[in-house]
Amino acid sequence: MMSAVPTRLVGLPGSLRKESFSRATLASLRGSLPSRTSLEILSPELPLYNEDEDGNHASLKVRQFRNAVANSAGLIIVTPEYNHGMPGVLKNALDWASRPYGKSVLIDKPVLVISVSPAFTGGVRAHAQVNETLLSIPARLVGGAQVVIGNVTKKVSDGVLDQSFLSFAMQSVNRLIELSRSASALAAIGALQ
Ligand SMILES: Cc1cc2nc3c(=O)[nH]c(=O)nc-3n(C[C@H](O)[C@H](O)[C@H](O)COP(=O)(O)O)c2cc1C
């Protein structure tokens, strides 16, 4: 069920590369969203996590990142795989988002994870690691078909994801939107009580 309430999503690529397929995938998804739904693509470029530098004096970049996630209805992570795992830059961003303990902006946040790779394996091992980290927080993972995009170099051209994979990924994005809307509605009811 799609509602008339605007839904603000944020996207997080697991790559800093200028021509990143992960960011291109997020940009393609943004172009296919239903009406009244937006997607802001965040940068994972944050200082290395240091507990001594966390808390009220955390850097402006970190506070802005946490606020962007907090003010969103849901998050889409698109990650490559580095050495059979998630890239350090993504793990670092998730570590910042995971704190303060028990008050993380990701607790109960609906999150869809997508992995991309030039290999046919599609980054499936990085995908599993990201899920594991999100479960520890715990965020609310979108289940169902695992969206892994193998042979991505052949599926993105001029920065746009191939239509058949876009349609496949959009089925999960639409589930994320529904989950985000019901989570936001429940939070609004809770705030009224
Ligand atoms: C350090 C490093 C390790 C990599 N390890 C893997 C890997 O284990 N599995 C894989 O499928 N691709 C691996 N790749 C290839 C990346 O998936 C590929 O460079 C991808 O396009 C990076 O994502 P991006 O386009 O979003 O920057 C690796 C690339 C780098 C730079």
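Analysis parameters
- Residues numbered from 1 in each chain as written.
- Predicted model: local features only at pLDDT ≥ 70, side-chain atom pairs only at ≥ 80, totals over all residues.
- Heavy atoms only, no water.
- Salt bridge = Lys/Arg side-chain N within 4 Å of Asp/Glu carboxyl O.
- Helix = DSSP H or I, 4+ residues; strand = E, 2+ residues; numbered from the N terminus.
- Buried < 20%, exposed > 50% of the residue type's maximum accessible area, 1.4 Å probe, protein only.
- Near = heavy atom within 4 Å.
- Polar contact = N/O pair within 3.5 Å; in protein donor to acceptor, adjacent residues only side chain to side chain.
- Areas by Shrake-Rupley, 256 points an atom, 1.4 Å probe, with all protein chains shown as cover.
- Nonpolar A, V, L, I, M, F, W, Y, C, P; charged D, E, K, R; others polar.
- 1 Å grid on protein atoms, 1.4 Å probe; cavity = no way out; pocket = protein on both sides within 12 Å on 5 of 7 lines; lining within 4 Å.
- Points joined across faces, edges and corners; volume = space filled by probe spheres on them.
- Phe/Tyr/Trp six-rings, centres within 6.5 Å; stacked < 30°, edge-to-face > 60°.
- Pairing = 2+ DSSP bridges.
- Right-handed = clockwise from strand over helix to strand, strands pointing away.

The name that an unreviewed UniProt entry assigns to the protein is NAD(P)H-dependent oxidoreductase, with the source organism given as Bradyrhizobium hipponense.

Turning our attention to the pattern of salt bridges. What the rule picks out here adds up to four salt bridges. Of the charged contacts, one joins Asp54 and Arg66 as a salt bridge, the two residues approaching to 3.0 Å between their closest N and O atoms. Of this pair, Asp54 sits in the loop between β2 (37-41) and α2 (60-70) while Arg66 is found in helix α2, placing the two residues 12 residues apart along the sequence. Per residue, the accessibility class of Asp54 equals that of Arg66, and both read buried.

The subject of this paragraph is the site of the ligand. In the region of the ligand, 13 residues are neighbours, and Ser15, Arg17, Ser20, Ser22 and Ser117 sit closest. Between the ligand and the protein, one listed contact pairs an oxygen atom with a side-chain N or O atom of Arg17 at 2.7 Å. Here Asn83 contributes a backbone N or O atom positioned 2.8 Å from a nitrogen atom of the ligand. Relative to its free-state accessible area of 630 Å², the ligand is covered by the protein chains to the extent of 72%. Split by residue class, the shell around the ligand holds five nonpolar, six polar and two charged.

Going through the model one piece at a time under the given rule, you end up with one cavity of 30 Å³ or more. Size it by volume and the largest cavity reaches roughly 30 Å³. What lines the largest cavity is simply Leu12, Leu42, Phe65, Val69, Leu75, Leu94, Ala97 and Leu106. Looking at the lining of the largest cavity, its residues break down into eight nonpolar, no polar and no charged.

For the rest of this paragraph, the subject is the packing of aromatic side chains. Counted according to the given criterion, the structure contains two aromatic pairs. Judged by centre distance (6.5 Å) and plane angle (90 degrees), the ring pair of Phe165 and Phe168 falls under edge-to-face. Taken together, the residues Phe165 and Phe168, both in helix α6 (residues 163-192) and three residues apart, mark about one turn of the helix. What makes Phe165 partly exposed here is its relative accessible area of 21%.

Burial within strand β1 (residues 7-13) is extensive, with six of its seven residues counted as buried. Sheet analysis places β1 next to β2, joined by five bridges and oriented parallel. If you follow Leu9 over to β2, its bridge partner there is Leu39. As a crossover connection, the stretch from β1 through helix α1 (residues 21-30) into β2 is right-handed. Bridge count between β1 and strand β3 (residues 74-79): five bridges; the pairing is parallel. Its bridge partner lying in β3, Pro13 is registered against Val78.

Successive side chains on a regular strand alternate, one facing one side of the sheet and the next facing the other. For strand β4 (residues 110-116), the buried fraction is high: seven of the seven residues fall into the buried class. Where burial is concerned, the two faces of β4 agree: the one with Pro110, Leu112, Ile114 and Val116 and the one with Val111, Val113 and Ser115 are both buried. Bridge analysis of β3 against β4 gives five bridges, and the strand direction is parallel. In the strand pairing of β4, Ile76 is matched with Leu112. Note on the crossover from β3 through helix α3 (residues 88-97) to β4: the handedness is right-handed. Note: β4 against strand β5 (residues 140-141), two bridges, orientation parallel. Residue pairing across strands places Pro110 opposite Arg140, the latter belonging to β5. For the crossover from β4 across helix α4 (residues 124-136) to β5, the handedness is right-handed.

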